[in-house]
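Reading the structure
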Amino acid sequence: MDSKTEKVLEMESCLGLQLGGNSQYLKLEICHIASLCEKLGKDPFLAFVSGCINQKNLKKDDHPDGSAMSAKEDRLWNIVRANSLDFNAWTALIEETEKVAEDNILKIRKVYDAFLAEFPLCYGYWKKYADHEARFGVIDKVVEVYERAVQAVTYSVDIWLHYCTFATTTFGDPDTIRRLFEQGLAYVGTDYLSFPLWDMYIDYEFMQQAWGQLVVIYSRILENPYQQLDRYLNSFKELAGSQPLSELRTAEEAAAAAAAESATSEDGVQANGRSKRPFMGAECWIWLDLIY
C-alpha cells in the first residue's frame, strides 16, 4: 500500500465514513486533496482535519464578524436556507437577531439583506433596516438602504414618505430635500391615497415660508382627484388670503417679473391705471382667480 493510499484511508477513518455506492464523489475529492497536498509537500491528513475544523467553526459562527449564533438563530437560519419562502421563519429570525445582536450591525445587515432579497416588497422592513443604520449614525448607509428600498418598491407611498421624513430631519439643503420630494411624487404623486406625502411637502415649504412654492404645489394637487381634495382647496384659499399676491410667486417667477419690469416701466401700468398683477404661471393664476 503506497503512502497516498494510507493517507486517504486515514482521512476516511477520521470522518468515520463508510463509503458506499453513493459516496464515490466524496472519495474522489479526498483523493484530490491528498494528491494536491503531496505536490505542495504538506501532510494531507493534517490539512484535511484542519479544513474540517474550520468548516465546523464557520457553521457555528456564520457571521461576517465571527460572532457566534444563538441556538435559535442557528435553527432558524437552517429553516430559511432549506425553504427561503418561509416568511414566518424569516420574521422570527429577524426578531431573534435583533434581540441578540445588540450593537452588532453586521449581524443585522446580514439578516435584513438576506430577507429583503427574498421579500423586497416588504417596505416596513426596509424602514426597520434604515432605522438600525440610523441608530449607528452612519448617514450614507441610511441613504443606501432607502435608495435600495425605492428601487424595490418604487410605487409605495409609504416608503417615499419614510425616506422624505428622514431627509427633512437630516439634510439642511432645501434643494436636496425638494428634489427627493419631486422624485417620489413623480412615481406616486397621482395615487389617490398619496395625500400624506403631499402634506409633508406642504408642511416643509410652509416652514421655509416658500409661499410661491406652495401655490405651485396646491395647483398640482387640485389637478387630480385625490382623497381630501376639498381640504386642499380650503387650505389654498387660506394661503391666498393670508399673503399679498406679490408673495405668492416662486423665485423663478419673481426673477422673470423683475426682468419684465426693467425692460419697460410702462408694462407695470394697465390702461385703467391699476398695477398689473404679479407675473405667475398661468395655471396658478387660474386657481387664484377662482379663489378670489
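In this text the structure is predicted, and so the values were computed from the model without any measurement. (Residues numbered from 1 in each chain as written. Predicted model: local features only at pLDDT ≥ 70, side-chain atom pairs only at ≥ 80, totals over all residues. Heavy atoms only, no water.)

Assigned secondary structure in the protein consists of 15 helices and zero strands. For the protein, with 292 residues in total, the buried portion stands at 34%. In the protein, the proportion of contacts linking residues at least 24 apart, taken out of those at least 6 apart, comes to 51%. Summing over all exposed atoms, the protein offers an accessible surface of approximately 16800 Å²; the carbon and sulfur share of this is 53%. (Helix = DSSP H or I, 4+ residues; strand = E, 2+ residues; numbered from the N terminus. Buried < 20%, exposed > 50% of the residue type's maximum accessible area, 1.4 Å probe, protein only. Contact = heavy atoms within 4.5 Å. Areas by Shrake-Rupley, 256 points an atom, 1.4 Å probe, with all protein chains shown as cover.)

Counting residues in each nonpolar core, the largest one holds 59 residues, and the members touching the most others are Tyr112, Ile159, Trp160, Phe181, Leu197, Tyr232 and Leu239. If one sorts the elements of this core by residue count, helix H9 (residues 157-170) sits on top with eight residues. What phenylalanine 181 contacts, discounting residues up to four positions off in sequence, is Cys164, Thr168, Leu197, Met200, Tyr201 and Tyr204. (Core = buried A, V, L, I, M, F, W, Y, C linked by side-chain atoms within 4.5 Å.)

At glutamine 209, a position not held by glycine, the phi torsion is positive, near 55 degrees. Secondary-structure assignment places glutamine 209 in the loop between helix H11 (195-207) and helix H12 (211-221). Residue glutamine 209 is classed as exposed on the basis of its relative accessible area, which comes to 56%. We note that glutamine 228 has phi near 65 degrees; this positive angle belongs to a residue other than glycine. Relative to the helices and strands, glutamine 228 resides in the loop between H12 and helix H13 (229-242).

Time to look at the packing of helix H6 (residues 105-118) against helix H7 (residues 123-135). H7 packs onto H6 with a crossing angle of 160 degrees between their chain directions and a minimal axis gap of 11 Å. When the axes of H6 and H7 are compared, the pair comes out roughly antiparallel. Seen along the crossing, H6 lies across H7 with a hand that is left-handed. Each of Ile105, Ile108, Arg109, Tyr112, Asp113, Phe115 and Leu116 in H6 lies in contact with H7, whose residues at this interface are Tyr125, Trp126, Lys128, Tyr129, His132, Glu133 and Arg135. Its residues assigned to classes, the contact of H6 with H7 shows eight nonpolar, one polar and five charged. (Axes fitted to C-alpha atoms, helices over the stretch in contact; angles between N-to-C directions. Parallel < 35°, antiparallel > 145°, perpendicular 65-115°, else oblique. Left-handed = near helix turned anticlockwise from the far one by under 90°. Nonpolar A, V, L, I, M, F, W, Y, C, P; charged D, E, K, R; others polar.)

Confidence along the protein averages 77 in pLDDT terms, with 65% of residues attaining 70 or more. Low pLDDT, under 50, characterises residues 45-61; the stretch is placed with 20 contacts to residues that sit more than four places away or in other chains. (pLDDT = per-residue confidence, 0-100.)

Between its terminal C-alpha atoms H13 stretches 20 Å, which fits the 20 Å expected from 14 residues at 1.5 Å a residue. Listing the buried residues of H13 in full gives Tyr232, Phe236, Leu239 and Ala240. Projected down its long axis, H13 shows its buried positions confined to an angular sector of 95 degrees, all on one face. Turned more than 90 degrees from where H13 packs its buried face, Asp230, Glu238 and Gly241 sit exposed. (Expected span 1.5 Å × (residues − 1). Arc of directions from axis to C-beta.)

With that settled, consider the side chain of glutamate 133. Note that glutamate 133 resides in helix H7. On the basis of relative accessibility, which here comes to 1%, the residue glutamate 133 falls in the buried class. Apart from residues no more than four positions distant in its own chain, glutamate 133 is found in contact with Ile105, Arg109, Val138, Lys141, Val142 and Val145.

Here we come to the packing of aromatic side chains. With the rule as written, the count across this model stands at 18 aromatic pairs. Put simply, the rings of Tyr146, Tyr155, Trp160, Tyr163, Phe166, Phe171 and Tyr187 pair up and form one aromatic cluster. The ring of tryptophan 77 has lysine 110 sitting right over it, with the charged end atom 4.8 Å from the ring centre. Seen from the ring of tyrosine 232, arginine 231 lies directly overhead, with NZ or CZ sitting 4.6 Å from the centre. (Phe/Tyr/Trp six-rings, centres within 6.5 Å; stacked < 30°, edge-to-face > 60°. Lys NZ or Arg CZ within 6 Å of the ring centre and 35° of its normal.)

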